[in-house]
Amino acid sequence: MDIDNTSSTLNFPNSKLHNLNQVGSDHIPIMLVSDAKVPYFWKPFKFFLTWLNDESCATVIANAWNSSFNGSPAFQLVSKLHITRKMLSLWNKEHFGNIIQKVDNLQKELLYFNRNLLIQAQMMKLSALTDN
């Protein structure tokens, strides 16, 4: 029986297969957890091109990039990218407010108005049909 194939992954997306410790046997037991959920901590960083229109964006990036870290060149690069991401995220919230939340709210409002316009158009058509 194949436990870890594409079909089972699609049917049970939250399942995890764990290898247990071998105790007193030449067999290694496995445990299938069908409702394992991984906590979501990381969210992707989004860079908005409109930020480049603001002069303070370049200052935030320069300040973050000028931070010094000890370690290998690769570690220094990753650390500078990490601090730049954090500083830009904080700057975005302080400077523009929570732009992602604002975009979500505006999209909801747009959907609401589009639905109302559609309902009004249907009501006008119905009214025109009943008047004739």
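Since this is a predicted model, take the numbers as computed values, not measurements. (Residues numbered from 1 in each chain as written. Predicted model: local features only at pLDDT ≥ 70, side-chain atom pairs only at ≥ 80, totals over all residues. Heavy atoms only, no water.)

Draft legend 1. Quick look at the overall build of the chain. What the chain contains, in helices and strands, is four helices and two strands. Each of the 132 residues in the chain was classed as buried or not, and the buried ones make up 11%. Sequence separation of at least 24 residues holds for 36% of the intrachain contacts in the chain that already meet a minimum separation of 6. By element, 60% of the accessible surface of the chain is carried by carbon and sulfur atoms, the whole surface being about 11400 Å². (Helix = DSSP H or I, 4+ residues; strand = E, 2+ residues; numbered from the N terminus. Buried < 20%, exposed > 50% of the residue type's maximum accessible area, 1.4 Å probe, protein only. Contact = heavy atoms within 4.5 Å. Areas by Shrake-Rupley, 256 points an atom, 1.4 Å probe, with all protein chains shown as cover.)

Draft legend 2. A look at the environment of P29. Counting through the fold element by element, P29 comes out in the loop between β1 (16-19) and β2 (30-33). Judged by its relative accessible area of 34%, P29 falls in the partly exposed class. When the C-alpha positions of P29 and H18 are compared, they lie 8.7 Å apart, and in sequence the two are eleven residues distant. Discounting residues that sit within four places of it in the chain, P29 has contacts with H18, N19, L20, N21 and Q22.

Draft legend 3. The side chain of T84, seen in detail. Residue position: T84 is located in helix α3 (residues 73-96). Judged by its relative accessible area of 11%, T84 is buried. Among the polar contacts listed, one links the side chain of T84 to the backbone oxygen of K80, at a separation of 2.6 Å. Other than its neighbours up to four places away in sequence, T84 contacts I61, A64 and W65. (Polar contact = N/O pair within 3.5 Å; in protein donor to acceptor, adjacent residues only side chain to side chain.)

Draft legend 4. A look at the layout of surface pockets. When its volume is computed, the largest pocket comes out at roughly 350 Å³. K43, P44, S89, K93 and I100 are, among the 15 residues lining the largest pocket, the residues nearest its centre. Within the residue set of the lining of the largest pocket, elements represented by two or more residues are α3 and α4 (99-131). Per-element tally for the lining of the largest pocket: the top contributor is α3, with six residues. Class assignment for the residues of the lining of the largest pocket results in six nonpolar, four polar and five charged. (1 Å grid on protein atoms, 1.4 Å probe; cavity = no way out; pocket = protein on both sides within 12 Å on 5 of 7 lines; lining within 4 Å. Points joined across faces, edges and corners; volume = space filled by probe spheres on them. Nonpolar A, V, L, I, M, F, W, Y, C, P; charged D, E, K, R; others polar.)

Limitation: the analysis is restricted to geometry and does not speak to function.
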